[in-house]
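Examining the three-dimensional arrangement
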Amino acid sequence: MNTPDLTMLMAAYNASMNEKLYAAAARLPHAELAADRKAFFGSILGTMNHLLAGDTIWLKRFAAHSPKFTALAPMLDMPQPSGLTHTFGDDLPPLHEHRLRLDAIITQWAAQVDAHDLAQTLEYRSTKGDLYRKHLGSVVQHFFNHQTHHRGQITTLLSQAGVDIGVTDLLLWVPDLPA
């Protein structure tokens with residue numbers, strides 16, 4: 001079950017891990033970032049673009065869900081990605097800039113989410129136009145899990161290219177309980 005505290009934890013964790021990921025990727029030349037590595041979305045840049053597309057699509061859905069989420073207002077003005085393979089750029093700096101913008105919005109939005117919001121039904125259309133109704137808390141969990149999944153793929157691709165991103169375990173972000 002997702003909670004407001006978990007939503008804020010995941011937002012902070014994701015922003016930090018995304019920053020580590022982009023810093024690690026910056027150590028590679030463009031040709032290495034753009035090389036087809038036979039991953040789901042081809043290259044490191046292709047996978048980064050996919051994450052930006054997925055996050056943008058979901059954040060626009062969350063913004064349309066409730067006017068309460070004022071942190072998501074900038075999403076309403078962002079163009080809708082053409083699909084999950086939408087390209088925001090073919091070089092690291094513009095992708096990093098977009099990532100930073102989204103992570104700031106996600107962090108601000110996470111602080112606005114409460115237990116009542118997470119218990120609501122989110123109605124949305126897929127990129128194919130199919131209508132869905134799902135528990136918002138579960139969709140938010142998917143949203144963060146999707147980032148973690150593809151960051152793991154990028155971490156593997158970076159490792160194969162000789163770049164170590166370092167420790168990425170969420171457990172290090174979970175506060176210790178008092179004895």
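Structure report, in brief.

Definitions and cut-offs
- Residues numbered from 1 in each chain as written.
- Predicted model: local features only at pLDDT ≥ 70, side-chain atom pairs only at ≥ 80, totals over all residues.
- Heavy atoms only, no water.
- Helix = DSSP H or I, 4+ residues; strand = E, 2+ residues; numbered from the N terminus.
- Buried < 20%, exposed > 50% of the residue type's maximum accessible area, 1.4 Å probe, protein only.
- Polar contact = N/O pair within 3.5 Å; in protein donor to acceptor, adjacent residues only side chain to side chain.
- Contact = heavy atoms within 4.5 Å.
- Pairing = 2+ DSSP bridges.
- Salt bridge = Lys/Arg side-chain N within 4 Å of Asp/Glu carboxyl O.
- Axes fitted to C-alpha atoms, helices over the stretch in contact; angles between N-to-C directions.
- Parallel < 35°, antiparallel > 145°, perpendicular 65-115°, else oblique.
- Left-handed = near helix turned anticlockwise from the far one by under 90°.
- Nonpolar A, V, L, I, M, F, W, Y, C, P; charged D, E, K, R; others polar.
- Core = buried A, V, L, I, M, F, W, Y, C linked by side-chain atoms within 4.5 Å.

Here's the deal with the environment of A73
Inspection of the secondary structure assignment puts A73 in helix α4 (residues 73-77). For A73, a relative accessible area of 39% puts it in the partly exposed group. As for A73 and Y22, which are separated by 51 residues in sequence, their C-alpha atoms are 26 Å apart.

So, the side chain of H150
Along the chain, H150 falls in helix α7 (residues 136-160). Reaching out from H150, the side chain makes a polar contact with the side chain of H50 at a distance of 3.3 Å. Setting aside anything within four residues of it in sequence, one finds H150 in contact with F40, F41, T47, H50 and L51.

With respect to the pairing of strand β1 (residues 121-125)
Burial of the side chains of β1 is restricted to one face: L122 and Y124 are buried, whereas none of T121, E123 and R125 on the reverse face is. Relative to strand β2 (residues 131-135), β1 runs antiparallel, the two being bridged by five bridges. Along β2, the bridge assignment pairs Y124 with Y132. Where β1 hands over to β2, the hairpin turn is made up of five residues, of which G129 adopts a positive phi near 95°.

Thoughts on the pattern of salt bridges
Within the structure shown, the criterion is met by eight salt bridges. One salt bridge connects K68 with D117, and the closest N-O pair in it is separated by 2.5 Å. Placement of K68 in the loop between α3 (44-65) and α4 and of D117 in helix α6 (residues 115-118) is noted, with a sequence separation of 49 residues between them. Under the relative-accessibility criterion, K68 is labelled partly exposed at 36%. On the basis of relative accessible area, D117 is assigned to the buried category, the value being 7%. Connected through shared salt-bridge partners, D55, R99 and D103 make up one network.

Some points on unusual backbone geometry
When glycine is set aside, most residues are seen to have a negative phi, and most peptide bonds are trans. Not every positive phi belongs to a glycine, and K38 is a case in point at roughly 65°. What makes K38 exposed here is its relative accessible area of 72%.

Observations concerning the packing of helix α1 (residues 4-25) against α7
With their axes 11 Å apart at the nearest point, α1 and α7 run at an angle of 20° to one another. In this view, α1 runs roughly parallel relative to α7, as classed from their interaxial angle. Between α1 and α7 lies a crossing of left-handed hand. Judged by residue contacts, L6, T7, M10, A11, Y13, N14, M17, N18, L21, A24 and A25 of α1 engage V140, Q141, F144, Q147, T148, R151, I154, T155 and L158 from α7. For the contact of α1 with α7, the residue count by class is 12 nonpolar, seven polar and one charged.

Focus on the nonpolar core
The biggest cluster of nonpolar side chains holds 45 residues, and the ones touching the most others in it are M48, F62, L72, W109 and L158. Of all the secondary-structure elements, those providing two or more residues to this core are α1, α3, α5 (92-110), β1 and α7. Among the elements that line this core, the one with the most residues is α3, at nine residues.

A look at the packing of α5 against α7
Between α5 and α7, the shortest axis-to-axis distance is 14 Å and the interhelical angle comes to 150°. In this view, α5 runs roughly antiparallel relative to α7, as classed from their interaxial angle. In this structure, α5 crosses over α7, and the sense of that crossing is left-handed. Taking contact as the criterion, the partners of R99, I106 and W109 in α5 are, on α7, V140, F143, F144 and Q147. Taken together, the residues that form the contact of α5 with α7 break down as five nonpolar, one polar and one charged.

That is the geometry; function is a separate question.
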